[in-house]
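Overview (structure and organization)
Next come the chains, spelled out residue by residue.
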Amino acid sequence: MSAGTYTPRPGAAPLGRMIAAQTALETRMLLRNGEQLLLTVIIPTLLLVLFSAVDIVDTGAGESVDFLAPGILALAVMSTAFTGQAIATGFERRYGVLKRLAASPLPRWALMTAKTLAVLVTEVLQVVLLTVIAFALGWSPHGNPLAVLLLLVLGTAAFSGLGLLMAGTLKAEATLAAANLVFLLLLVGGGVIVPLDKFPDAVQSVLGLLPIAALSDGLRDVLQHGAATPWGNLGVLAVWAVLGLGAAAKFFRWE
């Protein structure tokens, strides 16, 4: 046996391995949290089943599920990337978790990358579950899958930036209240369940610029009406993504 075989070799793990480990941890924390499951799974599922089975809202011609499914997918993205991430990150900041992680070998940008990847993993599970339920309810989607993927990615970036901005600038309790309030307001006024054309004309133009409206309408244009690429909705989401992520990077406070 040569000398030094068991000599410790302190040092950080490779960056890719650190990000993968942190992503796995963040994903487990998201899926184990009861409030997160309520936001990410139970509420979207109940809304999809309830409003598809009961004629409560006039969704126009065709099956209700064809209108509702794209909006519920958009709601799922918002619940995970914005509401859930804002609340979880806000309390991690309050309890000093982010401060301690920032002092570890994992760079701060890598920590945010891991959080974003955990959001994407959770969203994949949400989309699969909601799609299976929608198919069981009689959903018949159309359109280009690549356009759907681009909408979901840009929507995730937009909501993630806004969620991190809120979590990094407000107190945890304020983040909890504000994130849930915004979730409810955008659920009602973002075209998720109630079509935007049910609102007054003056209000429609404003609501159409919201990220949830751009995402839900874009998904609906593709999946319900078979549109090719909804560039207008993609442009709105891209603007929100740039503004949200840029502001989060500039104003996020770790303590």
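Residues numbered from 1 in each chain as written. Predicted model: local features only at pLDDT ≥ 70, side-chain atom pairs only at ≥ 80, totals over all residues. Heavy atoms only, no water.

**As for the overall build of the chain**
When you go through the chain residue by residue, the secondary structure sums to ten helices and zero strands. Compactness check: the chain gives a C-alpha radius of gyration of 20 Å against a globular reference of 18 Å for 255 residues, within 12% of the reference. The C-alpha extent of the chain, read off along each of the three principal axes, is 80 × 40 × 35 Å. The long-range fraction of contacts in the chain, counting pairs at least 24 apart against all pairs at least 6 apart in sequence, stands at 81%. Of the roughly 12,500 Å² of accessible surface on the chain, 69% is carried by carbon and sulfur atoms. With 15 positive and 14 negative side-chain charges, the chain shows a separation of 22 Å between the mean positions of the two kinds. (Helix = DSSP H or I, 4+ residues; strand = E, 2+ residues; numbered from the N terminus. Rg over C-alpha atoms; globule rule 2.2 N^0.38 Å. Contact = heavy atoms within 4.5 Å. Areas by Shrake-Rupley, 256 points an atom, 1.4 Å probe, with all protein chains shown as cover. Lys, Arg positive; Asp, Glu negative; His and termini not counted. Charge placed at Lys NZ, Arg CZ, Asp CG, Glu CD.)

**Topic: the confidence of the model for the chain**
With 96% of its residues at a pLDDT of 70 or more, the chain shows a mean pLDDT of 89. Across the chain, the element-wise mean pLDDT spans from 84 in helix α4 (residues 97-102) up to 96 in helix α9 (residues 211-223). (pLDDT = per-residue confidence, 0-100.)

**With respect to the packing of helix α2 (residues 34-53) against helix α5 (residues 108-136)**
Contact geometry of α2 with α5 gives a least axis separation of 11 Å together with a crossing angle of 20°. Here α2 lies roughly parallel to α5, going by the angle between them. Crossing of α2 over α5 shows right-handed handedness. Residues Thr40, Val41, Pro44, Thr45, Leu48 and Val49 of α2 pack against Gln126, Leu129, Leu130, Ile133 and Ala134 of α5. Split into classes, the residues belonging to the contact of α2 with α5 amount to eight nonpolar, three polar and no charged. (Axes fitted to C-alpha atoms, helices over the stretch in contact; angles between N-to-C directions. Parallel < 35°, antiparallel > 145°, perpendicular 65-115°, else oblique. Left-handed = near helix turned anticlockwise from the far one by under 90°. Nonpolar A, V, L, I, M, F, W, Y, C, P; charged D, E, K, R; others polar.)

**A word on the nonpolar core**
Core analysis: the largest hydrophobic core is formed by 48 residues, its most contacted members being Leu48, Leu75, Met78, Phe159, Ile193, Leu215 and Leu219. For this core, the elements supplying multiple residues, two or more each, are α2, α3 (64-94), α5, α6 (145-169), α7 (172-189), α9 and α10 (231-251). Considering each element in turn, this core owes the most residues, 15 residues, to α3. By size, the runner-up hydrophobic cluster in this structure holds eleven residues, among which are Ile19, Met112, Leu164 and Ala248. (Core = buried A, V, L, I, M, F, W, Y, C linked by side-chain atoms within 4.5 Å. Buried < 20%, exposed > 50% of the residue type's maximum accessible area, 1.4 Å probe, protein only.)

**Details of the pattern of salt bridges**
Inspection of every chain in the model, using the stated rule, returns four salt bridges. We note a salt bridge from glutamate 26 to lysine 115, for which the minimum N-O separation is 3.3 Å. Of this pair, glutamate 26 sits in helix α1 (residues 15-32) while lysine 115 sits in helix α5, and the two are 89 residues apart along the sequence. Just as glutamate 26 is buried, lysine 115 falls in that class too. Between arginine 94 and glutamate 173 there is a salt bridge whose closest N-O contact spans 2.5 Å. (Salt bridge = Lys/Arg side-chain N within 4 Å of Asp/Glu carboxyl O.)

**Some details on the packing of aromatic side chains**
Overall, the coordinates contain three aromatic pairs when judged by the stated rule. Judged by centre distance (6.1 Å) and plane angle (35°), the rings of phenylalanine 91 and tyrosine 95 are tilted. Geometrically, the ring pair formed by phenylalanine 252 and tryptophan 254 is edge-to-face, given 5.3 Å between the ring centres and 70° between the ring planes. With respect to class, phenylalanine 252 is no different from tryptophan 254; both count as buried. Positioned above the aromatic ring of phenylalanine 67 is the side chain of arginine 220, whose terminal nitrogen or guanidinium carbon lies 3.8 Å from the ring centre. (Phe/Tyr/Trp six-rings, centres within 6.5 Å; stacked < 30°, edge-to-face > 60°. Lys NZ or Arg CZ within 6 Å of the ring centre and 35° of its normal.)

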